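Single-letter residue listing:
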Amino acid sequence: FNSCDFFEINHFSDDMSEDEQIHHYLRTCIGNQTPIKLLNIYKGLCTNTVSKIIKANGDTYFVHCESLQGYSIKFENKTVIQAPDLPKDLEADVVYVNIDKSYAVLNNLKFLETSANNRQNTRVQPSIRTPITISYKKNSFHGNILDISTQALAIILNHSLSNELRNKQVNLKFKLLDESNENGFVMMDIDGVVMFAQEVGVTKTKIVVNMQLNKPYDAYLLKYMYDRQKELILELKRAVKVHDTKKKILKNQTLLPK
């Protein structure tokens, strides 16, 4: 370092636009066969698999995807591309998914300001409509659970509240499905703090509540999360199995003598 000139070369030029940076990186991936990762959220369940970019056609990219990932991509109509050399994660719109040939067609790629890995806790969407009652002082508000983790709840309330509940201590009452229980459900009665509140319509508000779990509610929730994740994995596997069965039937029909 003392006797030689040393230069640090950045992978991207500061003069490049975002589109040019993305185009440059993905074309390099094609040439070098660089592996990438596709990440999706299926009803709250995170799915990710190793992939590669097969080819590019202008601003449209063809990427390899496994069957389970293909169904997640198809369900969400978007996917996130991750790779060690990328300065940020890439989000892409899904144009087309071919499960049989294991590829998806993507366009409208853009950098995400935050990493898709920032989701610290696995969240799942309930399998059925799950009503919830939120009590604050002498007031009660009713809504439905959007998704749930071991730490927090996302809720849509049928009320316009603006910031009235933000940072407030509230009580939550709701039922969670539990087939092992004789009633088919367990009753949750817990406290929490509203960390986020935003109006999403004239008469609706989305809030996120950090839960304060005590026994036995912590065990109830862990069991529910475990069971729900298993359900979602089986749901994806069933979708792949049904597709493969239909494909096999169609193939056999083409082989029948006319």
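Numbering of residues begins from 1 in every chain and follows the order in which that chain's sequence is written. At least 70 in pLDDT is required for a residue's local features to be given in this predicted model, at least 80 for side-chain atom pairs to be given and counted, and no such filter applies to totals for whole chains, interfaces and linings, which use all residues. Side-chain metrics in this entry use all non-hydrogen atoms of the structure; hydrogen atoms and water are not considered.

Another aspect to go through is the environment of G44. Along the chain, G44 turns up in the loop between β1 (36-42) and β2 (45-51). Three exposure classes are used, based on accessible area relative to the maximum for each residue type with a 1.4 Å probe and protein chains only: buried under 20%, partly exposed in between, and exposed over 50%. Take G44: its relative accessible area is 7%, and that puts it in the buried class. Spatially, the C-alpha atoms of G44 and R123 are 5.0 Å apart, while their sequence positions differ by 79 residues. Helix and strand labels come from DSSP, where a helix needs a run of H or I of at least four residues and a strand needs a run of E of at least two; each type is numbered from the N terminus.

Right, let's get into the confidence of the model for the chain. Across the chain, each position has a pLDDT score giving the predictor's confidence in that residue, from 0 to 100. Averaged over all residues, the pLDDT of the chain is 85; the fraction at 70 or higher stands at 87%. Two residues qualify as a contact provided that any one of their heavy atoms is within 4.5 Å of a heavy atom in the partner residue. Note that residues 6-10 has pLDDT below 50 and, in this model, 1 contact with residues that lie over four places away or in other chains.

What follows is about the nonpolar core. We call a set of buried residues a nonpolar core when its members are Ala, Val, Leu, Ile, Met, Phe, Trp, Tyr or Cys and they connect through side-chain atoms within 4.5 Å of each other. Grouped together as the largest cluster of nonpolar side chains are 56 residues, with contacts concentrated most on L109, I148, L153, L172 and F174. For this core, the element with the highest residue contribution is helix α3 (residues 217-255), accounting for 6 residues. Beyond its immediate stretch of four places on either side in the chain, L109 contacts D19, I22, L26, Y61, I81, L90, E91 and A92.

Attention now moves to the sheet that holds strand β11 (residues 169-177). Paired strands, as defined in this entry, are two strands with at least two bridges between them according to DSSP. Read around the closed barrel, the 6 strands follow the order β8-β9-β10-β13-β12-β11; overall the barrel is antiparallel. Across this sheet, the average inter-strand angle for adjacent strands is 45°, counted without regard to direction. With axes taken as lines fitted to C-alpha atoms, and helix axes fitted only over the stretch in contact, angles between N-to-C directions fall between 0 and 180 degrees.

What follows concerns the environment of K78. Structurally, K78 can be placed in strand β5 (residues 78-82). Note on K78: relative accessible area 30%, which makes it partly exposed. When the C-alpha atoms of K78 and V94 are compared, they prove to be 5.2 Å apart, with 16 residues separating the residues in sequence. Ignoring anything within four residues of it in the chain, the contact list for K78 reads N40, I73, E91, A92, D93 and V94. A distance of 2.5 Å separates polar atoms of two side chains, one belonging to K78 and the other to D93. Distance and chemistry together define a polar contact, namely a pair of N or O atoms within 3.5 Å, with one atom able to donate a hydrogen and the other to accept it when in protein, and with adjacent residues in sequence counting only for side-chain atoms on both sides.

Bringing the sheet that holds strand β7 (residues 103-111) into the picture now. If you trace the 7 strands from one edge of the open sheet to the other, you get β2-β1-β5-β6-β7-β4-β3, paired in antiparallel fashion. In the strand order of this sheet, the two ends are held by β2 and β3 (53-57), each with one partner. Taken over all neighbouring pairs, the strand axes of this sheet differ in orientation by 35° on average, direction set aside. Of the strand pairs in this sheet, strand β4 (residues 60-64) and β7 are connected by 4 bridges, and their pairing is antiparallel. Paired with V63 across the bridge in β7 is A104. Contacting β1, β3, β4, β6 (90-98) and β7, helix α1 (residues 18-32) runs over the sheet at an angle of about 145° to β7.

Attention shifts here to the side chain of N98. Mapped onto the secondary structure, N98 falls in strand β6. Assessed through its relative accessible area of 12%, N98 is described here as buried. A distance of 2.9 Å separates a polar side-chain atom of N98 from the backbone nitrogen of K101.

Attention shifts here to the packing of aromatic side chains. Remark: the centre distance and the inter-plane angle together describe each pair of aromatic rings, the angle taken between the planes. When the centres of two rings from Phe, Tyr and Trp lie within 6.5 Å, Trp using its six-membered ring, the rings pair. Their planes under 30 degrees apart give stacked, over 60 give edge-to-face, and anything left gives tilted. Overall, the coordinates contain 4 aromatic pairs when judged by the stated rule. Look at Y42 and F75: their rings are 4.8 Å apart centre to centre, the planes differ by 65°, and that puts the pair in the edge-to-face class. One end of the pair, Y42, is in strand β1; the other, F75, is in helix α2 (residues 67-76), and 33 residues separate them in sequence. Take Y42: its relative accessible area is 7%, and that puts it in the buried class. In this structure F75 comes out as partly exposed when scored by relative accessible area, which is 44%. Where Y217 meets Y220, the ring centres are 6.1 Å apart and the plane angle is 75°; that geometry is what we call edge-to-face. Of this pair, Y217 and Y220 both sit in helix α3, separated by 3 residues, roughly a single helical turn.

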